[in-house]
Amino acid sequence: MAQKLYTKDHEYLIIEGDTASVGISDYAQQQLGDVVYVELPEVGKTFAQNDEAATVESVKAASEVYAPVACEILESNAALGDTPNLINEDPEGQGWFFKIKIANKSELEALMSEQEYGKFVEGAA
């Protein structure tokens, strides 16, 4: 069964074994407003935890998307190039940014569960 975790920077990971899909949370896309452009990482690129991995631009602002854990990029969501609004329509589904191979599973311990993240964003509101 897939496990979903969140970062304090509002990225999510949907983890299945040693791989995960990464994107921004519903809360984050609401804060950004209408997404108009996404710059995604190249397949094969590696990142340390908290490295800048992608950029998302909206009508309000540009924001970085960070690697939630040390990883290698397995796939980028090509659909976002033509339809970046998928991030607004389905941020934690079809609006994923990239898929990763997790390099260090122990880094997952620093992330939040859905329940913990819910309390985190309530505190931010």
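One can find the structure itself at the top, above this paragraph.
Presented here is a report on the structure given in the accompanying data block.

## A look at the side chain of asparagine 88
Now for step 1: Tracing the sequence through the fold places asparagine 88 in helix H3 (residues 86-89).
Now for step 2: Given a relative accessible area of 17%, asparagine 88 falls into the buried group.
Now for step 3: A polar atom in the side chain of asparagine 88 sits 2.8 Å from the backbone nitrogen of valine 35.
Now for step 4: The contact partners of asparagine 88, leaving out residues within four places of it in the chain, are Gln29, Gly33, Asp34 and Val35.

## What to know about the nonpolar core
Generally speaking, a soluble globular protein has its nonpolar side chains buried in company with each other.
Now for step 1: Counting 28 residues, the largest nonpolar core has Leu13, Val56, Ile87, Phe97, Phe98, Ile100 and Leu108 as the members making the most contacts within it.
Now for step 2: For this core, the secondary structure elements donating two or more residues are strand E2 (11-16), strand E3 (19-24), helix H1 (26-32), strand E4 (35-39), strand E6 (52-58), strand E8 (71-76), H3 and strand E9 (98-102).
Now for step 3: With near-sequence residues (within four places) excluded, leucine 108 lies in contact with Leu5, Leu13, Ile15, Val69 and Ile102.
Now for step 4: By size, the runner-up hydrophobic cluster in this structure holds 7 residues, among which are Tyr6, Tyr12, Ile14 and Tyr117.

## Considering the pattern of salt bridges
Now for step 1: This model, assessed by the stated rule, comprises 2 salt bridges.
Now for step 2: One salt bridge connects lysine 4 with glutamate 92, and the closest N-O pair in it is separated by 2.8 Å. With lysine 4 in strand E1 (residues 3-6) and glutamate 92 in the loop between H3 and E9, the pair connects residues that are 88 residues apart, well separated along the chain.
Now for step 3: Ionic pairing is found between aspartate 18 and lysine 105, a salt bridge with its closest N-O pair at 3.5 Å. Of this pair, aspartate 18 sits in the loop between E2 and E3 while lysine 105 sits in the loop between E9 and helix H4 (114-124), and the two are 87 residues apart along the sequence.
Now for step 4: A residue is classified by how much of its surface remains accessible, and aspartate 18, at 43% relative accessible area, is partly exposed.

About the thresholds
Residues numbered from 1 in each chain as written. Predicted model: local features only at pLDDT ≥ 70, side-chain atom pairs only at ≥ 80, totals over all residues. Heavy atoms only, no water. Helix = DSSP H or I, 4+ residues; strand = E, 2+ residues; numbered from the N terminus. Buried < 20%, exposed > 50% of the residue type's maximum accessible area, 1.4 Å probe, protein only. Polar contact = N/O pair within 3.5 Å; in protein donor to acceptor, adjacent residues only side chain to side chain. Contact = heavy atoms within 4.5 Å. Core = buried A, V, L, I, M, F, W, Y, C linked by side-chain atoms within 4.5 Å. Salt bridge = Lys/Arg side-chain N within 4 Å of Asp/Glu carboxyl O.

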